[in-house]
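# Summary of structural features
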Amino acid sequence: MILLKKIRNEKRIGARGQVYFLLALLFVTACHPKPEKVQQVVIDRIAMMPDEPSPFKMTDWYEKAHHFDQYVFNLELKGQYLPFIWIDSAKRNMPQNTFGMFTVIGDTRQGPAGNKEYHEALCAMGSLLGAGLVGIDKTHQNGFNYVKMTQNYFNSANGWNIMMNNTNPAVASLGGGYGRDWWYDVFPNVLYYGLCELFPNVPQADSLQHIIAEQFFKADSVLKGNYDYSYFDYSQMKGVSNNIPHQQDVAAGHAYVLLCAYEKFGDERYLRGAKSAMDAFVNQKESRFYEVLMPFGALVAARLNAEHGTNYPVKKILDWTFEGCKAKDGRTGWGVIAERWNEYDVHGLQGSITDGGGYAFLMNSFDMSWPLVPMVKYDSRYAEAIGKWMLNVSNAARLFYPYDIDDQHQWLPEKKEITKNVIAYEGLRKEDYIYKKASLKGTSPVALGDGPQWVKGQPETSMFSLYSSAQVGIFGAIVKKTNVEKILQLNCTATDFYQKNSLPTYLYYNPYDTLKSVCFYNTGKEKVDLYDALTHEYVSRDVTEENCFEIPSKKARLIVVLPSGSKMEIHDGKYTIGSKIVAYIPSLAR
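Owing to the predicted nature of the structure, the values given are computational and were not obtained by experimental measurement. (Residues numbered from 1 in each chain as written. Predicted model: local features only at pLDDT ≥ 70, side-chain atom pairs only at ≥ 80, totals over all residues. Heavy atoms only, no water.)

Let us now look at the sheet that holds strand S21 (residues 556–563). Taken in spatial order, the 6 strands of this open sheet run S14-S15-S16-S21-S18-S19, and their pairing is antiparallel. A single partner strand is all that each edge strand has here, and the edge strands are strand S14 (479–481) and strand S19 (537–543). Sheet twist, expressed as the average angle between the axes of neighbouring strands with direction ignored, equals 25 degrees. Along the sheet, helix H14 (residues 383–396) contacts S14, strand S15 (488–491), strand S16 (505–509) and S21; its crossing angle with S16, the most-contacted strand, is approximately 75 degrees. (Pairing = 2+ DSSP bridges. Helix = DSSP H or I, 4+ residues; strand = E, 2+ residues; numbered from the N terminus. Axes fitted to C-alpha atoms, helices over the stretch in contact; angles between N-to-C directions. Contact = heavy atoms within 4.5 Å.)

Let us now look at the environment of Phe 549. Within the element layout of this structure, Phe 549 appears in strand S20 (residues 546–551). Given the relative accessible area of 3%, Phe 549 is considered buried. Phe 549 sits 352 residues away from Glu 197 along the chain, and the two C-alpha atoms are 33 Å apart. For Phe 549, the residues in contact, after removing those within four places along its chain, are Tyr 508, Lys 516, Ser 517, Val 518, Phe 520, Leu 530, Val 539, Ser 540, Arg 557 and Ile 559. (Buried < 20%, exposed > 50% of the residue type's maximum accessible area, 1.4 Å probe, protein only.)

Direction vectors running N to C along helix H9 (residues 250–265) and helix H10 (residues 268–282) enclose 160 degrees, while the axes themselves pass 8 Å from each other. With respect to H10, the element H9 is oriented roughly antiparallel. Relative to H10, the crossing made by H9 is left-handed. When H9 is examined against H10, the residues Ala 251, Ala 252, His 254, Ala 255, Leu 258, Leu 259, Ala 261, Tyr 262 and Phe 265 are found in contact with a partner set consisting of Glu 268, Tyr 270, Leu 271, Gly 273, Ala 274, Ala 277, Met 278 and Phe 281. Within the contact of H9 with H10, the residues separate by chemical class into 14 nonpolar, 2 polar and 1 charged. (Parallel < 35°, antiparallel > 145°, perpendicular 65-115°, else oblique. Left-handed = near helix turned anticlockwise from the far one by under 90°. Nonpolar A, V, L, I, M, F, W, Y, C, P; charged D, E, K, R; others polar.)

Turning our attention to the state of the cysteines. In the structure shown here, the tally under the stated rule is 1 disulfide. With its sulfur 2.0 Å from that of its partner, Cys 519 forms a disulfide with Cys 548. Taking the torsion about the S-S bond as the criterion, the Cys 519 to Cys 548 disulfide, at about 70 degrees, is right-handed. Remark: Cys 548 occurs in strand S20 and Cys 519 occurs in strand S17 (residues 516–521); sequence separation between them is 29 residues. A relative accessible area of 9% places Cys 519 in the buried class. Among the cysteines around Cys 260, which has no disulfide bond, Cys 196 carries the closest sulfur, lying 11 Å off. (Disulfide = S-S within 2.5 Å.)

Let us now look at the nonpolar core. One finds Met 375 and Trp 389 to be the most contacted residues of the largest nonpolar core, which totals 192 residues. In contact with Met 375, not counting residues within four places along its chain, are Ala 298, Leu 299, Ala 302, Val 314, Leu 318, Tyr 382 and Ile 386. Grouped together as the second largest cluster of nonpolar side chains are 14 residues, Tyr 506, Phe 520, Val 543 and Phe 549 included. (Core = buried A, V, L, I, M, F, W, Y, C linked by side-chain atoms within 4.5 Å.)

Let us now look at H10. Given a rise of 1.5 Å per residue, 15 residues ought to cover 21 Å, and the 21 Å separating the end C-alpha atoms of H10 matches this to within 8%. By the burial criterion, the buried members of H10 are Tyr 270, Leu 271, Gly 273, Ala 274, Ala 277, Met 278, Ala 280, Phe 281 and Val 282. For H10, the N-terminal capping position is held by Asp 267, with its side-chain oxygen 2.9 Å away from the main-chain nitrogen of Arg 269. (Expected span 1.5 Å × (residues − 1). Polar contact = N/O pair within 3.5 Å; in protein donor to acceptor, adjacent residues only side chain to side chain.)

Here helix H11 (residues 294–308) is 15 residues long and its end C-alpha atoms lie 21 Å apart, about the 21 Å a rise of 1.5 Å per residue gives. Of all 15 residues in H11, 13 are buried; the element is thus mostly enclosed. Downstream of H11 by a residue or two, Gly 309 has a phi angle that is positive, lying close to 70 degrees.

This next bit is on the sheet that holds strand S8 (residues 350–352). Pairing in this open sheet of 5 strands is antiparallel, and the strands run S5-S8-S9-S11-S12 from one edge to the other. The outermost strands of the open sheet, each flanked by one partner alone, are strand S5 (334–336) and strand S12 (446–448). Adjacent strand axes in the sheet meet at a mean angle of 30 degrees, parallel and antiparallel pairs treated alike. Of the pairings in the sheet, the one linking strand S11 (residues 427–429) to S12 comprises 3 bridges and is antiparallel in character. The partner of Arg 429 across the bridge, within S12, is Val 446. Contacts from helix H13 (residues 362–378) reach S5, S8 and strand S9 (359–361), with the element oriented near 60 degrees to S9.

Relative to the helices and strands, Asp 319 resides in helix H12 (residues 314–323). Polar side-chain contacts of Asp 319 include one of 2.7 Å to the side chain of Lys 315. Apart from residues no more than four positions distant in its own chain, Asp 319 is found in contact with Ile 43, Asp 44 and Gly 324.

Pasting the structure below:
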């Protein structure tokens, strides 16, 4: 720039000067290429989903997350099946009390009338993660540090030294052998890393996170790219096959935790481990989607590509996720539903595409948004696809709640009062394929759950699932209504854990056939500029309170909120303001 300015200031430029000027101009243009609009990539199964799902009703997910916490964490509740939590004083793994939460309402296997040690990390950690995401402090609530209490799930007594789904895996046999099902052993660690980011400075947390990272690093080193196992014994460091399908997508869970560990501790071994696990993951010949971990691979791939120059195939991972597992020896049919069941659009829900014609699960649908919404920051070519999918899934998710689906489409409407509409049915089936209740014959969809099948004497209320409802705060933190119905504000930073250089970033998608004007509300004290990372243009400047901008039909905007008047620079494949990242140059994201 100094050279260019000097040449321009010359009073006379001869032939040689003109050459110098052109060379300098070329140099400046090469260093600072003209920003181009980000070309969007189509995900075929999302393209099948409607632009405007119907019937449409957007839940206030933030409010529902708060109401869930208020209801479920009330130890003073009296009555049948109440309260929903209890204190476990067995002090398993840690010299402290922990707490248990019923997996489903009235679960006879658990609690004071069952086994106080039988409770699941997916319930406990999931509920705390959801609460933390919507601003509830679970380290100081009614005299309890609930976050510290979850450390009892760190299984030191059996030598595994990772977070597991039970404090005592021996009780897992009560629920069908969860401890020998690999995703149940890995996902609690994903949840725990999220918890530790939301609630820092909890005593002993850093130490446990470090041990978990070491265990995952060692496991990946032992596996050497071969994740063809039903589970992994983290004590003996060996893979094991049993009657459960092999779960190769666990490699994505390993990669996610190791990348988070790298960002937290700065140990280059963890970055190498994350890449090694991702190599094993993407080298699979076909989708091996088993439960919830595969979409985390899309986030890790996009982030490694953007920040570390790798070339992982994001589109292939997204296709694997949405189209589902087709492997005959895998969990065939596990993917994302893209159908209308009679008068209800259920597009976007995650679960089995094939079981009884289709069986969606609420928890899984919440969980997919955790990695896929922040993924758009790192690979913005998928902004329109993810925006459209989130509109569909966040609309359809209400159908699991007993007051948000007609009585004739649910299994137990006469008992729904106990749910307060914050505890949902576990699943949504295309038809009543299992119980075959006479009054539901020919009805589609049907809200129900697997609970009554688990053990003899399990009450019908066990269809209402705390396990499934606990992570509602993921939607609560991400999804927000705007002034235009069906255009959502999606918070791309809410679940982008272990990222120090983020600026507030929001994804908007316009499903309408016409251009729409959407309003942004500045809740801070300082003026801000609104920059679209897809078109690389400012849509508003010096916003103090409310400002509206336009979104073309069937298009997305990825709005980054910048300090007013800040100077943007381009280097190392990034648009930056100081140390903060505004956007990544799309050509460097594969």
